[in-house]
Structure formats: C-alpha cells, structure tokens
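Listed below are the residues making up each chain.
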Amino acid sequence: MFPESHTGYSYEDCRATADWLLAQTAVRPLVGIVCGSGLGGLADMLKDQVVFNYRDIPNFPQSTVRGHAGQLVFGTLKGRPCVCMQGRFHLYEGYPIQKVTLPMRIFKLIGVETVILTNAAGGLNQDFKVGDIMIIKDHLNMPGFAGNNPLMGPNDERFGVRFPCMSDAYDRELQQLAMDVGTELGYGHFLREGVYCVLGGPSFETIAECRMLHKLGADAVGMSTVHEVIVARHCGMRVFALSLITNQAVMDYDSEEKANHEEVLETGKQRAEQLERLVSTMVTRIGHNNYS
Ligand SMILES: O=P(O)(O)O[C@H]1O[C@H](CO)[C@@H](O)[C@H]1O
Ligand SMILES: Nc1nc2[nH]cnc2c(=O)[nH]1
C-alpha cells in the first residue's frame, strides 16, 4: 500500500535513540530548542552542558551546512532543563523528510513538552527590515503541496493521529508570551508577526517567485521549520517558532541585491544577543504539565 521508498524510522528506532540519550545524561528537558542558521549561540547559554556530536547519536543525520554546528546540547537555561539542537537538517541536504524531522520524535520521547524553533528567513513583507524578529503565526507548506509531507507513509498511533489538525500549529499563548517578553525587553520596534513559507531550497528565490509568495500571503520565506512543526504537533508537543529576517527578498527587477548565505549568517551574529535574551526569558516563563 505504501511505497517502498518510505524512509521513516520506526517507533522502536526512535525509542532506542531516546533511551541512548537518557542513559548518558541526568538532564530531563521539558523544552527543546532548534537553532536556525547562524543562531547556534542559543545553545551556548545552557549551563552544566552535556554535549553530543550528531555523529555519535544512533540514527541521527549529520549537519552539512555552515552555521549549523551539529551538536545536541543538554543543560539548564536559567535553571530550566532544556535540550538544544545546535544545527538542524534541511531537505536540500539530501535527507528524506522523515530524517529531517527525526529529532522532533526524539524530543518527544525524552519528555520534551514545548518546542521552540528559530530560523533565518528572507523578508517578503515590505514593512519588514533586516534584523526584525518575526513571531510565526502560521505557515505555507510548499513541499507539502507537492506531496512531500513528513507524515507520509504508515502512521504509528503511538506518535499521533493519521490526520492531524494544523490550524492550531503555533501556540497562541506562546505567541502572546513572546510579544509580552519582547516588549518588556524593549524589542517592540523590531518584533513582528507573520506567515512563514517553506520551500525546498537550496537555490534562493527568483523575483517572480518572491512576488508570488508575497501575493499568496507569506511574510517571510525559508527552507526549514515547517516540517519539524508538523511532526512536533503530530506527537502533541506545543510549538513556538520565530524567524530572524536576515535579508530582504528581492522583489524588484531594478534591485542590485542578491540573497546569499554570508548575509544570513552576518545578520544572525548582529541579532544573536537579543534573540538569545528573548528565547531564554520565554523559557523561564513557560508553564508545563498540560500547559499550565
Ligand atoms: O532555516 P535555517 O536553518 O535557519 O536556514 C536558512 O538559512 C539557509 C540559507 O541561508 C537555509 O538553510 C535557510 O533555511
Ligand atoms: N528560501 C530562503 N531562505 C532563506 N534563509 C535566509 N534567507 C532566505 C531567503 O531569502 N530565502
């Protein structure tokens, strides 16, 4: 019934990876964080670190992109137990989508209740500036439209239901918390909210593509996050995600701008401190156990 090319990991494979990790550290994280391109500094904030190189973790893929260190870091953030992916996986690295999203199921099985994802993205909304932080309120899943969804293949009910709802993918309380914390920290002038659109990459968008995505309702465009969000929501974790607008998407044929990864990493460096403060303060205020 399902194609032979299905490349997911079984529940037992995920369990084995989770148990392997739990056996090596006493940290029991309730929050899992995914660092976007150039945003790995978040992981450095963790105290009493236990660090695993992805190459040493059973079943884990390897990071191949500059700005993604390839380490899973356990520790505490202002006293709260956390686990942090210092580097994520992307479709364009050649990994099947089930491998790209495997860490979300590992997070779930080690006890994570809330996932915070960050990414670098191009700004499509003409009111956005480079350096803005966009709280993601919804997404457009372009690979999903083309039949590449991480939940394709047999469904294991131990993770979640066959047809998960996505209209509530991005937790509203956490969006409000981010707004409140950001405002308190004096970040209101660069805090935005909007819709993130994922594409397969690795080529950046053409001008016509940017114009189309903007017309379709996207405020920012990138090559990640959405697949992870779908898998995280499928297995019942609460999700918050944000984009750092690292570059303006080119919408105009007269523009001399050219999207490039160097600019993406450079903007990450410049906003790192504020982004880290925003996320770490949020972590201290997130309630757990049935979202209390
Ligand atoms: O989404 P993250 O991992 O932050 O990375 C973004 O930055 C890279 C392009 O510069 C792409 O991988 C894009 O998805
Ligand atoms: N697709 C895409 N990904 C990005 N990541 C950071 N900037 C961009 C961008 O402009 N387009």
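What you see is a predicted model; the values in this text were computed from it and never measured.

Parameters at a glance
- Residues numbered from 1 in each chain as written.
- Chains lettered and ligands numbered in written order.
- Predicted model: local features only at pLDDT ≥ 70, side-chain atom pairs only at ≥ 80, totals over all residues.
- Helix = DSSP H or I, 4+ residues; strand = E, 2+ residues; numbered from the N terminus.
- Rg over C-alpha atoms; globule rule 2.2 N^0.38 Å.
- Buried ≥ 20, exposed ≤ 12 C-beta atoms within 10 Å, placed from the backbone.
- UniProt positions renumbered as here; feature names shortened; annotations may be inferred.
- Contact = placed C-beta atoms within 7 Å.
- Near = placed C-beta within 6 Å.
- Nonpolar A, V, L, I, M, F, W, Y, C, P; charged D, E, K, R; others polar.
- Core = buried A, V, L, I, M, F, W, Y, C linked by C-beta atoms within 7 Å.
- Axes fitted to C-alpha atoms, helices over the stretch in contact; angles between N-to-C directions.
- Parallel < 35°, antiparallel > 145°, perpendicular 65-115°, else oblique.
- Left-handed = near helix turned anticlockwise from the far one by under 90°.
- Pairing = 2+ DSSP bridges.

1. Regarding the overall build of the chain
Argument step 1. In terms of helices and strands, the chain carries nine helices and nine strands.
Argument step 2. Compactness check: the chain gives a C-alpha radius of gyration of 18 Å against a globular reference of 19 Å for 292 residues, within 12% of the reference.
Argument step 3. Along the longest, intermediate and shortest principal axes, the C-alpha atoms of the chain span 55 × 50 × 35 Å.
Argument step 4. Expressed as a percentage of its 292 residues, the buried residues of the chain come to 44%.

2. Re the UniProt feature "binding site: a purine D-ribonucleoside" (unreviewed entry) in the chain
Argument step 1. Mapped onto this numbering, the UniProt entry annotates "binding site: a purine D-ribonucleoside" (unreviewed entry) at Glu205 and Asn247. Spatially, the listed residues are clustered: although they cover 43 residues, their C-alpha atoms lie within 12.2 Å of one another.
Argument step 2. Residue placement: Glu205 occurs in the loop between strand E7 (191-198) and helix H7 (207-215).
Argument step 3. In this structure Glu205 comes out as buried when scored by C-beta crowding, with 20 C-beta atoms within 10 Å.
Argument step 4. In this structure, Glu205 is in contact with Cys210, Val221 and Ala249, ignoring residues within four places of it in sequence.
Argument step 5. Positionally, Asn247 belongs in strand E9 (residues 238-248).
Argument step 6. Those residues in contact with Asn247, other than ones at most four positions away along the chain, are Gly122, Val130, Ala259, Glu263, Val264 and Thr267.

3. So, the site of ligand 1
Argument step 1. Taken together, the neighbourhood of ligand 1 is formed by 13 residues, with Gly36, Ser37, Asn119, Met223 and Ser224 sitting nearest.
Argument step 2. Within the residue set of the shell around ligand 1, elements represented by two or more residues are strand E5 (114-123) and helix H9 (261-285).
Argument step 3. In the shell around ligand 1, the residues fall into four nonpolar, eight polar and one charged.

4. Comments concerning the site of ligand 2
Argument step 1. In the vicinity of ligand 2 lie 15 residues, with Ala120, Gly122, Gly222, Ala259 and Val264 positioned nearest.
Argument step 2. Mapped onto the shell around ligand 2, the elements with two or more residues apiece are E5, strand E8 (220-222) and E9.
Argument step 3. Considering every element that reaches the shell around ligand 2, the biggest residue donor is E5, with three residues.
Argument step 4. Its residues assigned to classes, the shell around ligand 2 comprises nine nonpolar, five polar and one charged.

5. Regarding the UniProt feature "domain: Nucleoside phosphorylase" (unreviewed entry) in the chain
Argument step 1. According to UniProt, the "domain: Nucleoside phosphorylase" (unreviewed entry) feature falls on residues 31-283.
Argument step 2. Spanning residues 31-283, this segment combines 30% helix with 26% strand, and its end C-alpha atoms are found 8 Å apart.

6. Concerning the environment of Leu117
Argument step 1. Relative to the elements of secondary structure, Leu117 occurs in strand E5.
Argument step 2. A residue is classified by how many C-beta atoms lie within 10 Å of it, and Leu117, with 26 of them, is buried.

7. Brief notes about the nonpolar core
Argument step 1. In terms of nonpolar packing, the biggest core is built from 72 residues, with Ile33, Cys84, Val115 and Val221 touching the most fellow members.
Argument step 2. Setting aside residues no more than four positions away along its own chain, Cys84 makes contact with Ile33, Cys35, Leu42, Ala43, Leu46 and Val73.

8. Observations regarding helix H8 (residues 226-234)
Argument step 1. Of all nine residues making up H8, nine are buried, and the element is well covered by its neighbours.
Argument step 2. Looking at H8, one finds that the buried residues are Val226, His227, Glu228, Val229, Ile230, Val231, Ala232, Arg233 and His234.

9. Focus: the packing of helix H6 (residues 172-184) against H9
Argument step 1. Where H6 contacts H9, the two axes come as close as 10 Å, and the packing angle between them is 120°. By the angle between their axes, H6 is oblique relative to H9. Helix-helix and strand crossings are classified by hand; for H6 and H9 the assignment is right-handed. For the pair H6 and H9, the contacting residues are Leu177, Ala178, Val181 and Gly182 in the first and Leu278, Thr281, Met282 and Arg285 in the second.
Argument step 2. Considered class by class, the residues forming the contact of H6 with H9 number five nonpolar, two polar and one charged.

10. What to know about the pairing of strand E3 (residues 71-77)
Argument step 1. Of all seven residues in E3, six are buried; the element is thus mostly enclosed.
Argument step 2. Here strand E2 (residues 47-53) pairs with E3 via five bridges, running antiparallel. Of the residues in E3, the one forming a bridge with Lys47 is Thr76.
Argument step 3. Sheet analysis places E3 next to strand E4 (residues 80-86), joined by seven bridges and oriented antiparallel. Among the inter-strand pairings, Leu77 is bridged to a residue of E4, identified as Arg80.
Argument step 4. As consecutive antiparallel partners, E3 and E4 are separated by two residues, and within that stretch Lys78 has a phi angle of approximately 50°, a positive value.

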